[in-house]
Amino acid sequence: MTQFPFSAIVAMDDMRLALILNAISPAIGGVLVRGEKGTAKSTAVRALTAVLPPVEVVVGCRFSCSPAAPDPQCPDGPHPVGAEAQPRPTRLVELPVGATEDRLTGSLDVGRALTEGVTSFQPGLLAAAHRGVLYVDEVNLLHDHLVDLLLDAAALGTSYVERDGVSVQHAARFLLVGTMNPEEGELRPQLLDRFGLTVEAVAPRDPATRAEVVRRRIAFDADPAAFTTRFADEETQIAASIVAAQARLASVVVDDVVLTRIAEVCASFGVDGLRADIVIARAAAAHAAWRGATAVTREDIRAAARLALPHRRRRNPFDAPGLDEEQLDDALGEDDPDDEPDPQPPDAGPGEDGTPPPPNGQAPAEAPSGGGRESVAPTGATFRARRLEVPGKGHGASGRRSRAYTDGGHTVGARPPQSVLRDLHLIATLMASAPHQVRRGRTGPGVVLDRADLRERRREGRESNLVLFLVDASGSMAARRRMEAVKGAVLSLLLDAYQRRDKVGLVCFRGADAQLLLPPTSSVDAAARRLATMPTGGQTPLTAGLTEAHATLRRERLRDPQRRPLLVVVTDGRHTAGGDPQAAALRLRHDGVASVVVDCESGPVRLRLAGALAQALGAEYLSLDDLGDLSVAALAGSVRAYRREMVA
Ligand SMILES: [Zn+2]
């Protein structure tokens, strides 16, 4: 398949620069590209390999050993000096978000090691990516245990696969490129910090530029071969510039003045640790080499800091991304007096316009029409929320909310391996083999093992869940202080969900209907924004709210069947529009949806309608005041296990 040429990409200067700097100096540590859908992030990543120089590999080695310096641990080795070699284009290996651990690291058959005495290893994506590019689209949706494996390999340049004492290792050095849409959830900080550089990809706003992007895309789709030929010279030129910069990099001087300046910039942005300093120094050196220079200047540091700092400066979870460029210029100090303008490399040279990124994803929630007077209450004080959980044991992605069978955690039993044996339960394996020893003709002290004896550990830990908030935003809640308290409580639960790595969603009901304000997402930021702008007023269509929640959870179950939902209904239990909520509540209950009703009723005369709703839902019933994490005892059994049979 013909790739869109790297040199034909318009208006993604930051992203192209970040990729090129990493190609020149892989030690920078990779690129994370954040941006909405439709910003051609993936096109740019895939186009990169065409301008990277080919690599020499030992013929027949599945681990891409270099003939000049073969990996001494190579499972296909050892390779003799002067082994036959051939050039191969640089590979782009894509890691799918739903990949298994075996697919990523390769699979080691412990069963064969135990029963046949051979080490059998099937290389995974980390091996395939060695000396190439490892690309993770939607990297923010990657499972935690894959993230850990990826980080370990990236940090060590080696992939270790160990199963119960049988181990294999091989070199795995790659340029890590991740793309993500922040609206779908943030990356955990440890992974964020692993990426050397980050880039915000935004669609260009200038009409002429936008038109050019579209024009090129149409031309490419109409005739890829002709389009690629048009850019062949530029492609060759960029490829040659990268090779030249790689050669020049070793002679680029990073002196004490440069390092001091970098340290001052990092201090100004309140960056923890020294990683930012190191990344900026490396990226600045690569930038100088790319310019054709051998000394690092203020502009090199500036270009590097713009890409290395946005994700490392101290910020709160809900702060906007990006970097204050004025603050950066202040921290960098005066221009170097002896700076001379260096020759710029062709086309993809560093972008200098310095336009600040627009505020990210600030789509305000649209108010539904009709429904009487409405107002937007401020968000009240937050508190540390107690853990609400789904009863029973799930099989969802690891997290910190409900009990579940997981890869980690403590051992609760043994079972025959589900696929390749990976977590040997030795005692259980020996016990399973014991009754067959005589029949198998055992004479000496050695145990005769059969594949059927193998047992792996069954472990229990905690999973993350989908917490769907169903919030009454009607006029009956509109007494200003009350809605303020409700928003504060929901925000507290959202912060708690962020800690526990849950997905969250938000449905509100008011006026004539219910509205899905936020479809299930891992972006707690997005949920907090929708909550803050959620208006209050009008009638109370509780039934419509329950029906919308039900439909949302059904859709989500199809998409992500392992993730168990927890419905949190925040209401005073009133309904003044639509049918009887009882039937809608029973439908949720029959679907096995675990729920919590948070009663917001206040004042001297109370109807306790929310209590009846909780009963219909089979839900835990709490008041707003009960949501705080008051004691350890309060945590235990915080949700009654009403419908164990539904979850079992
Ligand atoms: Zn090899």
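Below, the structure is looked at part by part. (Residues numbered from 1 in each chain as written. Predicted model: local features only at pLDDT ≥ 70, side-chain atom pairs only at ≥ 80, totals over all residues. Heavy atoms only, no water.)

**Considerations on the overall build of the chain**
In step 1: Along the chain, the regular secondary structure elements total 22 helices and 20 strands.
In step 2: Counting every position in the chain, which comprises 648 residues, the buried fraction comes to 49%.
In step 3: Within the chain, residue pairs in contact and separated by at least 24 positions form 79% of the contacts whose partners lie at least 6 positions apart.
In step 4: Put simply, the chain shows about 29200 Å² of open surface, and 52% of that area lies on carbon and sulfur atoms. (Helix = DSSP H or I, 4+ residues; strand = E, 2+ residues; numbered from the N terminus. Buried < 20%, exposed > 50% of the residue type's maximum accessible area, 1.4 Å probe, protein only. Contact = heavy atoms within 4.5 Å. Areas by Shrake-Rupley, 256 points an atom, 1.4 Å probe, with all protein chains shown as cover.)

**Notes on the side chain of Arg 563**
In step 1: Assignment of secondary structure puts Arg 563 in the loop between helix H18 (542–559) and strand E18 (565–571).
In step 2: Only 3.2 Å separates the side chain of Arg 563 from the backbone oxygen of Asn 465, close enough to count as a polar contact.
In step 3: Beyond its immediate sequence surroundings of up to four residues, Arg 563 is in contact with Ala 397, Ser 464, Asn 465, Leu 466, Arg 501, Asp 502 and Lys 503. (Polar contact = N/O pair within 3.5 Å; in protein donor to acceptor, adjacent residues only side chain to side chain.)

**Regarding the nonpolar core**
In step 1: Ranked by internal contacts, the top residues of the largest apolar core, which has 64 residues, are Phe 6, Ile 242, Ile 280 and Leu 309.
In step 2: If we skip the residues at most four places from it in the chain, Ile 242 touches Ile 20, Ala 23, Ile 24, Val 51, Leu 52, Pro 53 and Trp 290. (Core = buried A, V, L, I, M, F, W, Y, C linked by side-chain atoms within 4.5 Å.)

**Observations concerning helix H14 (residues 325–332)**
In step 1: Residues of H14 that are buried: Glu 325, Leu 328, Ala 331 and Leu 332. The buried residues of H14 occupy an angular sector of 120° when projected down its axis, which confines them to one face. Turned more than 90 degrees from where H14 packs its buried face, Glu 326 and Asp 330 sit exposed.
In step 2: The elements touched by buried residues of H14 are helix H11 (256–268) and helix H13 (298–308).
In step 3: Phi turns positive one or two residues past the end of H14, at Gly 333, with a value near 75°. (Arc of directions from axis to C-beta.)

**Considering the sheet that holds strand E12 (residues 398–406)**
In step 1: If you walk across this open sheet you meet the three strands as E12-E14-E13, and the pairing is antiparallel. The sheet is open, and its two edges are formed by E12 and strand E13 (410–415), each paired on a single side. Between one strand axis and the next, the sheet turns by 35° as a mean value, whatever way the strands run.
In step 2: Both E13 and strand E14 (residues 456–463) contribute to a ladder of five bridges, which runs antiparallel. When the bridges of E14 are listed, Ala 414 appears paired with Arg 457. (Pairing = 2+ DSSP bridges. Axes fitted to C-alpha atoms, helices over the stretch in contact; angles between N-to-C directions.)

**Things to note about the coordination of the zinc ion**
A metal bound by six donors in octahedral fashion has ideal angles of 90 or 180 degrees, whereas one bound by four tetrahedral donors has an ideal angle of 109.5 degrees.
In step 1: The protein atoms that coordinate the zinc ion are Cys 61 (SG), Cys 65 (SG), Cys 74 (SG) and His 79 (NE2), at distances spanning 2.0 to 2.3 Å.
In step 2: Metal-centred angles of 107 to 115° between the four donor atoms at the zinc ion mark the site as tetrahedral.
In step 3: If you list the donors of the zinc ion from N- to C-terminus, the spacing comes out as C-x3-C-x8-C-x4-H.
In step 4: For Cys 74, a relative accessible area of 5% translates into the label buried. (Donors = N, O, S within 2.8 Å, 3.2 Å for Na, K, Ca; no water. Tetrahedral: all angles 85-135°; square planar, octahedral: opposite > 155°, others 65-115°.)

**Regarding helix H17 (residues 524–533)**
In step 1: The element H17 is largely enclosed, with a buried count of seven among its ten residues.
In step 2: Listed as buried for H17 are Val 524, Asp 525, Ala 526, Ala 527, Ala 528, Arg 530 and Leu 531.

**Topic: a nonpolar patch on the surface**
In step 1: A grouping of Val 213, Val 214 and Ile 218 is seen on the molecular surface, where their side chains present a nonpolar patch of about 250 Å² in accessible area.
In step 2: Here Ile 218 is to be found in helix H8 (residues 207–222).
In step 3: A relative accessible area of 57% means that Ile 218 is categorised as exposed. (Patch = residues over 30% accessible without salt bridge, like charges linked within 9 Å, V, L, I, M, F, W, Y side chains within 5 Å. Salt bridge = Lys/Arg side-chain N within 4 Å of Asp/Glu carboxyl O.)

**As for the pattern of salt bridges**
In step 1: Within the structure shown, the criterion is met by 34 salt bridges.
In step 2: Close ionic contact of Arg 216 with Glu 212 constitutes a salt bridge, the shortest N to O distance being 2.8 Å. Taken together, the residues span about one helical turn, with Arg 216 and Glu 212 both in helix H8 at a distance of four residues.
In step 3: Residues joined by salt bridges that share partners form a network here, namely Asp 14, Arg 298, Glu 299, Arg 302, Arg 306, Glu 325 and Asp 329.

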